[in-house]
Amino acid sequence: MILWLMIIGFLSAFALGPASFNIIRSLVRDRSWPWKSIAGFLLGDIVYIALALMLLKSPLLQEAWLKALLTVLTVLCLVLYSVKILFLQKNTDSSFLKEELLIRPSFKKSFLLTMANFHLVFIYASLFANVANENGLTLWMGAITYLAAFLVSFILLLFTIRQFKNHLQGFLRKIEVVAACGFLTFSAYLSLGIL
């Protein structure tokens, strides 16, 4: 079971969300590693993993209204982020606005973008449901193993992207548009799940 969580953790780093995409975009545009943004992103994931583990056996996670509410909030955040990428960023002329508000990620922005993915609590709860019947130590060890594999995989992904940074800069806007369309598609998928 621990090996399975390690593999899932390794693969999960490639399922990019708004916070991880902002980190990648910053890495491609800037010369330094966005360590503060990575820390904010990981703290948000840790909060959701801890919340999922605490609520794993709670009947609250089975409530249809809660799942619908958190899914709607996630969809709203993904749509707003995608609209910002597709329209606001493209039409902004102010270099200050582009640099400070749209591009430059920070600990706080990464943390808030991760926390805006409310659906993560259900994803993590379903991921750890298989080890929920194990003793508490095994459950927490599974969560730590998942998180460590996720972190290593994400850093390796960033390192690889950093190596191809010069090639990616010319395609960054196209990558942004594809990512925004992907977030909109995922929003539609989540919306269909609550209908």
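Residues numbered from 1 in each chain as written. Predicted model: local features only at pLDDT ≥ 70, side-chain atom pairs only at ≥ 80, totals over all residues. Heavy atoms only, no water.

A. Just the overall build of the protein chain, in detail. Along the backbone of the protein chain there are 10 helices and 0 strands. Reading the secondary structure of the protein chain in the N-to-C direction produces α-α-α-α-α-α-α-α-α-α. Look at the contacts in the protein chain between residues 6 or more apart in sequence, and 86% of them connect residues 24 or more apart. With the model as given, the accessible surface of the protein chain reaches about 10800 Å², and the carbon-plus-sulfur share is 72%. (Helix = DSSP H or I, 4+ residues; strand = E, 2+ residues; numbered from the N terminus. Contact = heavy atoms within 4.5 Å. Areas by Shrake-Rupley, 256 points an atom, 1.4 Å probe, with all protein chains shown as cover.)

B. Seen up close, the nonpolar core. In terms of nonpolar packing, the biggest core is built from 37 residues, with Ile49, Tyr124, Phe128, Tyr146, Phe154 and Leu158 touching the most fellow members. A per-element tally of this core places helix H8 (residues 136-163) first, with 9 residues. Among all residues touching tyrosine 124, those that are not within four sequence positions of it are Asp45, Tyr48, Ile49, Ala52 and Tyr146. Judged by nonpolar contacts, the second largest core, of 10 residues, contains Val75, Tyr81, Leu86 and Leu190. (Core = buried A, V, L, I, M, F, W, Y, C linked by side-chain atoms within 4.5 Å. Buried < 20%, exposed > 50% of the residue type's maximum accessible area, 1.4 Å probe, protein only.)

C. Focus on the packing of helix H3 (residues 35-55) against helix H6 (residues 107-115). Put simply, H3 and H6 touch, their axes get as near as 7 Å, and they point 30° apart. Judged on the interaxial angle alone, H6 and H3 are roughly parallel. Every pair of crossing elements has a handedness; the one defined by H3 and H6 is right-handed. Taken together, the residues of H6 that come into contact with H3 (itself represented by Lys36, Ser37, Ala39, Gly40, Phe41, Leu43, Gly44, Asp45, Val47 and Tyr48) are Phe107, Ser110, Phe111, Thr114 and Met115. (Axes fitted to C-alpha atoms, helices over the stretch in contact; angles between N-to-C directions. Parallel < 35°, antiparallel > 145°, perpendicular 65-115°, else oblique. Left-handed = near helix turned anticlockwise from the far one by under 90°.)

D. Looking closely at a nonpolar patch on the surface. Side chains of Leu3, Met6, Ile7, Phe10, Leu11, Phe14, Val152 and Leu156 sit close together on the surface and give an oily, nonpolar patch of about 770 Å² of accessible area. Those elements that place two or more of their residues in the nonpolar patch are helix H1 (2-12) and H8. It is H1 that provides the largest number of residues to the nonpolar patch, a total of 5 residues. Mapping phenylalanine 10 onto the fold places it in helix H1. (Patch = residues over 30% accessible without salt bridge, like charges linked within 9 Å, V, L, I, M, F, W, Y side chains within 5 Å. Salt bridge = Lys/Arg side-chain N within 4 Å of Asp/Glu carboxyl O.)

E. Representation of the pattern of salt bridges within the structure. For the coordinates displayed, the defined rule picks out 3 salt bridges. One salt bridge in this structure joins arginine 29 and glutamate 176, with 3.1 Å as the shortest N-O distance. One end of the pair, arginine 29, is in helix H2 (residues 18-29); the other, glutamate 176, is in helix H10 (residues 172-194), and 147 residues separate them in sequence. Linking arginine 173 and glutamate 176 is a salt bridge whose minimum nitrogen-to-oxygen distance equals 3.1 Å. Pair noted here: arginine 173 and glutamate 176 are both in helix H10, with a separation of 3 residues, about one helical turn. Salt bridges sharing common partners tie together Arg25, Arg29, Arg173 and Glu176.

F. Local environment of the side chain of aspartate 45. In this structure, aspartate 45 sits in helix H3. Among buried charged residues, aspartate 45 stands out as having no salt bridge; its nearest opposite-charge side chain is arginine 25, 17 Å away. Aside from chain neighbours lying at most four places away, what touches aspartate 45 is Thr114, Leu120, Tyr124 and Phe150. (Lys, Arg positive; Asp, Glu negative; His and termini not counted.)

G. Structural view of H3. Its 21 residues give H3 an end-to-end C-alpha distance of 30 Å, which sits within 8% of 30 Å, the value for a rise of 1.5 Å per residue. Considered for burial, the residues of H3 that qualify are Ser37, Ile38, Gly40, Phe41, Leu42, Gly44, Asp45, Tyr48, Ile49, Ala52 and Leu53. (Expected span 1.5 Å × (residues − 1).)

H. Focus on the side chain of serine 153. Mapped onto the elements, serine 153 comes out in helix H8. In terms of polar contacts, serine 153 uses its side chain to reach the backbone carbonyl oxygen of phenylalanine 10, at 2.6 Å. Serine 153 has contacts with Gly9, Phe10, Ala13 and Phe14, leaving out every residue within four places of it along the chain. (Polar contact = N/O pair within 3.5 Å; in protein donor to acceptor, adjacent residues only side chain to side chain.)

I. Focus on the confidence of the model for the protein chain. Considering every residue of the protein chain, the mean pLDDT works out to 83; 88% of them sit at 70 or more. For the protein chain, the element scoring lowest by mean pLDDT is helix H5 (residues 95-103), at 46; H6 scores highest, at 93. Predicted confidence for residues 92-102 stays below pLDDT 50, and this span has 15 contacts to residues more than four positions away or in other chains. (pLDDT = per-residue confidence, 0-100.)

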